[in-house]
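Next come the chains, spelled out residue by residue.
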Number of protein chains: 2
Amino acid sequence: MNIDMIRDAARRAAGHIRRTPLLTSPFLDEIAGRRVYVKPECLQHTGSFKARGAWSALSAMDPDLRSAGVMAYSSGNHAQGVAWAAACHGAPAVILMPSDAPALKRANTAALGAEVVLYDRATESREEIGERIATERGLTLVRPYDEPQVIAGQGTVGLEIAAQAAEAGIDAAEVLVCCGGGGLTSGIALACEAEAPGLRVRPVEPEGFDDVRRSLLAGGIERNDSLSGSICDAIVTPQPGDLTFPIIRRLCGPGLAVSDDEALHGMAQAFLRLKVVAEPGGAVALAAALLRPTEITGDAVVVVISGGNVDPEVHSGALARHGRTS
Amino acid sequence: MNIDMIRDAARRAAGHIRRTPLLTSPFLDEIAGRRVYVKPECLQHTGSFKARGAWSALSAMDPDLRSAGVMAYSSGNHAQGVAWAAACHGAPAVILMPSDAPALKRANTAALGAEVVLYDRATESREEIGERIATERGLTLVRPYDEPQVIAGQGTVGLEIAAQAAEAGIDAAEVLVCCGGGGLTSGIALACEAEAPGLRVRPVEPEGFDDVRRSLLAGGIERNDSLSGSICDAIVTPQPGDLTFPIIRRLCGPGLAVSDDEALHGMAQAFLRLKVVAEPGGAVALAAALLRPTEITGDAVVVVISGGNVDPEVHSGALARHGRTS
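All values reported here derive from a predicted model rather than from experimental measurement. (Residues numbered from 1 in each chain as written. Chains lettered and ligands numbered in written order. Predicted model: local features only at pLDDT ≥ 70, side-chain atom pairs only at ≥ 80, totals over all residues. Heavy atoms only, no water.)

Trainee: Sorry if this is basic, but what is going on with the overall build of chain A here?
Mentor: When helices and strands are tallied, chain A shows 14 helices and nine strands. For chain A, the C-alpha radius of gyration of 18 Å lies close to 20 Å, the compact-globule estimate for 326 residues. If you line up chain A on its principal axes, its C-alpha atoms span 55 × 40 × 40 Å. Expressed as a percentage of the 326 residues in chain A, the buried residues total 64%. A total of about 11,100 Å² of accessible surface is found on chain A, and carbon and sulfur atoms cover 49% of it. Each charge class in chain A was averaged separately, 30 positive and 39 negative side chains, and the resulting centres sit 4 Å apart. (Helix = DSSP H or I, 4+ residues; strand = E, 2+ residues; numbered from the N terminus. Rg over C-alpha atoms; globule rule 2.2 N^0.38 Å. Buried < 20%, exposed > 50% of the residue type's maximum accessible area, 1.4 Å probe, protein only. Areas by Shrake-Rupley, 256 points an atom, 1.4 Å probe, with all protein chains shown as cover. Lys, Arg positive; Asp, Glu negative; His and termini not counted. Charge placed at Lys NZ, Arg CZ, Asp CG, Glu CD.)

Trainee: Looking at this structure, how should I read the side chain of Glu 205 of chain B?
Mentor: Residues and elements named next belong to chain B. As for its placement among the helices and strands, Glu 205 is situated in strand β7 (residues 199–206). Of the side chains with opposite charge, Arg 213 comes closest to the buried, unpaired Glu 205, at an N-O distance of 5.7 Å. A distance of 3.4 Å separates a polar side-chain atom of Glu 205 from the backbone nitrogen of Asp 211. If we ignore the near neighbours within four places in the chain, the residues touching Glu 205 are Cys 179, Asp 210, Asp 211, Val 212, Arg 213, Ile 235, Leu 256, Ala 257 and Val 258. (Salt bridge = Lys/Arg side-chain N within 4 Å of Asp/Glu carboxyl O. Polar contact = N/O pair within 3.5 Å; in protein donor to acceptor, adjacent residues only side chain to side chain. Contact = heavy atoms within 4.5 Å.)

Trainee: Is there a simple way to think about the pairing of strand β2 (residues 70–73) of chain B in this case?
Mentor: Side-chain direction in a regular strand flips from residue to residue, so the side chains alternate between the two faces of the sheet. Residues and elements named next belong to chain B. The side-chain alternation of β2 yields two buried faces, one formed by Val 70 and Ala 72 and the other by Met 71 and Tyr 73. In this sheet, strand β3 (residues 93–98) lies alongside β2 in parallel orientation, the contact comprising four bridges. What sits directly across from Ala 72, in β3, is Ile 95. Across two bridges, β2 lies against strand β5 (residues 140–141) in parallel orientation. Across the sheet, the residue bridging to Val 70 is Thr 140, located in β5. (Pairing = 2+ DSSP bridges.)

Trainee: Just to check I follow, could you spell out the side chain of Arg 273 of chain B for this structure?
Mentor: In this structure, Arg 273 of chain B sits in helix α12 (residues 260–274). Among buried charged residues, Arg 273 of chain B stands out as having no salt bridge; its nearest opposite-charge side chain is Glu 30 of chain B, 8.3 Å away. Here the side chain of Arg 273 of chain B touches Asn 108 of chain A through a polar contact of 2.8 Å, side chain to side chain. With near-sequence residues (within four places) excluded, Arg 273 of chain B lies in contact with Leu 104 and Asn 108 of chain A together with Ser 25, Phe 27 and Leu 28 of chain B.

Trainee: Honestly, the pattern of salt bridges in this entry has me stumped. Any pointers?
Mentor: Opposite charge on two side chains permits them to pair, given that their charged atoms come into close proximity. Residues and elements named next belong to chain A. All told, the structure shown has 45 salt bridges over all chains when counted by the stated rule. The partner of Arg 52 in a salt bridge is Glu 160, with the nearest N and O atoms 2.8 Å apart. You can see Arg 52 sitting in helix α3 (residues 50–60) and its partner Glu 160 sitting in helix α8 (residues 148–167), a full 108 residues away along the chain. Note on Glu 160: relative accessible area 12%, which makes it buried. Salt-bridge contacts for Arg 126 lead to Glu 127; the nearest nitrogen and oxygen are separated by 3.8 Å. A residue is classified by how much of its surface remains accessible, and Arg 126, at 13% relative accessible area, is buried. Here Glu 127 falls in the partly exposed class, since its relative accessible area comes to 28%. The network of salt bridges with common partners includes Lys 39, Glu 41, Arg 52 and Glu 160.

Read these as geometric descriptors, not functional statements.
In structure tokens:
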């Protein structure tokens with residue numbers, strides 16, 4: 001896992017993956033007490049950065065293996081990313097999803113042409129089920145984060161941030177990244193290490209599901225006690241990845257954690273000030289930037305909104321709670 | 001009013017105005033029955049394309065006049081655009097707004113640094129008050145659309161569409177544009193005439209407030225009977241502009257009109273499929289592309305979402321009505 005793999009992924013992505021903009025708002029700057037630069041990966045194909053990792057993995061596969069089909073397990077965004085990238089490559093895809101995944105994500109994954117298989121998040125291991133089905137059907141498993149080509153694809157976000165930060169005159173800043181298994185966090189960190197060493201990545205997680213923050217503090221992998229009970233479904237994972245954590249430990253931290261209500265607040269501000277749709281797990285980094293200013297240093301902060309696949313009722317609830325502007 | 005003014009406006013805008021992306025979704029393509037390319041100007045500074053025209057006007061002004069200050073009449077997006085552009089240029093701005101303008105828009109305009117002067121629609125004349133203040137303080141009026149440098153600024157959207165369409169391999173398509181006074185429509189049409197002659201601009205308006213469509217049919221300027229009763233507040237104007245209509249008549253048409261409910265449907269699809277926030281008047285072109293397929297020709301259609309400054313309650317109402325995904 002190195003910067004050359006990220007650069008190769010960026011070359012394979014050209015013409016297929018969107019270069020998302022870097023957005024600003026004087027209103028967000030005022031709330032945060034520093035300049036806030038937002039990378040809205042909700043505008044990526046399939047509504048999240050996961051399209052990058054999936055494209056990278058599929059485009060790097062042996063064509064014969066790829067045409068036999070791929071498999072993924074995911075609460076939704078990796079599912080849609082793999083379904084989309086598979087459809088673009090003409091490859092069949094089977095996606096294993098928790099039965100409590102948001103309806104929009106389930107529907108979208110199926111509509112993108114994938115076969116969806118549901119499992120119980122609380123009592124079953126998606127890794128075990130996934131590997132069994134993949135073996136039975138001769139499918140290649142595309143892991144959501146502990147997969148070098150997936151990390152390389154997510155790292156292309158970091159290459160863009162490095163270039164866009166330079167254009168904006170930012171030479172030192174913290175980069176807040178919504179963090180589940182750590183694929184996006186580690187990929188961005190590797191890209192910034194090579195191309196923007198003044199940028200330091202800090203993972204942001206939901207309170208109570210902050211395995212990466214605790215692992216960084218402990219100096220070794222810590223698990224979450226539970227995997228249910230957060231609205232931030234996209235970024236709740238059992239523990240940091242075996243590939244991602246050593247990178248995160250070397251390059252990132254300290255971690256941050258925000259409450260579900262703070263995530264909803266971040267969603268409302270994305271709506272009001274940036275005109276983009278963030279899902280709860282995609283809004284935790286923005287929430288930290290806006291609501292935890294004393295836990296951040298520097299005149300400027302870069303924030304990744306990692307996805308926007310949220311059910312309408314949840315989004316409207318966030319606005320009802322935090323959408324007042326006066 | 002010519003293409004060179006638009007190219008000059010684009011040069012002055014470099015580094016200040018965002019180049020918004022061109023977004024796609026296989027779900028929108030399926031609904032529309034053709035490929036749909038969406039230009040989300042809701043992601044522009046201040047949440048609408050109006051920042052482009054305001055930037056163009058302010059950046060083209062004589063510096064001494066500009067530093068004396070500018071004035072605008074507006075209760076909405078033009079107000080915020082002028083306030084923002086004036087603040088960026090260090091120029092004072094006075095915005096005359098009706099006392100019943102939405103609190104959000106008043107607050108945003110003031111927060112962007114403008115002096116907001118309220119007047120009573122029922123008992124006071126904004127022109128009288130505006131002329132008195134402008135004369136007293138030596139302010140220059142920036143008109144919302146019938147102003148060459150404003151049209152030139154809005155035309156930079158068209159330069160970007162021409163370039164992005166070429167990158168996407170589109171050499172012929174209709175370009176649906178949300179249309180009020182016609183500044184954006186005429187600016188895009190002039191840019192496409194010069195740089196993408198296979199693109200034809202078609203204005204889209206709210207039903208019952210379709211003065212441009214009727215003017216095109218009649219061959220001369222027609223007025224709207226009423227100015228109240230549409231949720232598409234941003235694009236309801238008394239009649240086409242004296243500068244904009246001759247351009248629209250020469251290059252654009254036929255016009256399209258959609259109902260308020262269709263505009264809400266467009267907003268919901270922008271949320272679900274593109275993860276961007278559209279206001280009702282900003283969604284009419286997308287609504288036409290999705291819901292009026294038989295009134296459009298060609299394999300591909302380009303759509304401008306002109307703004308995203310919508311109250312949370314209105315947005316949530318659109319999702320409650322049209323946000324179902326199954």
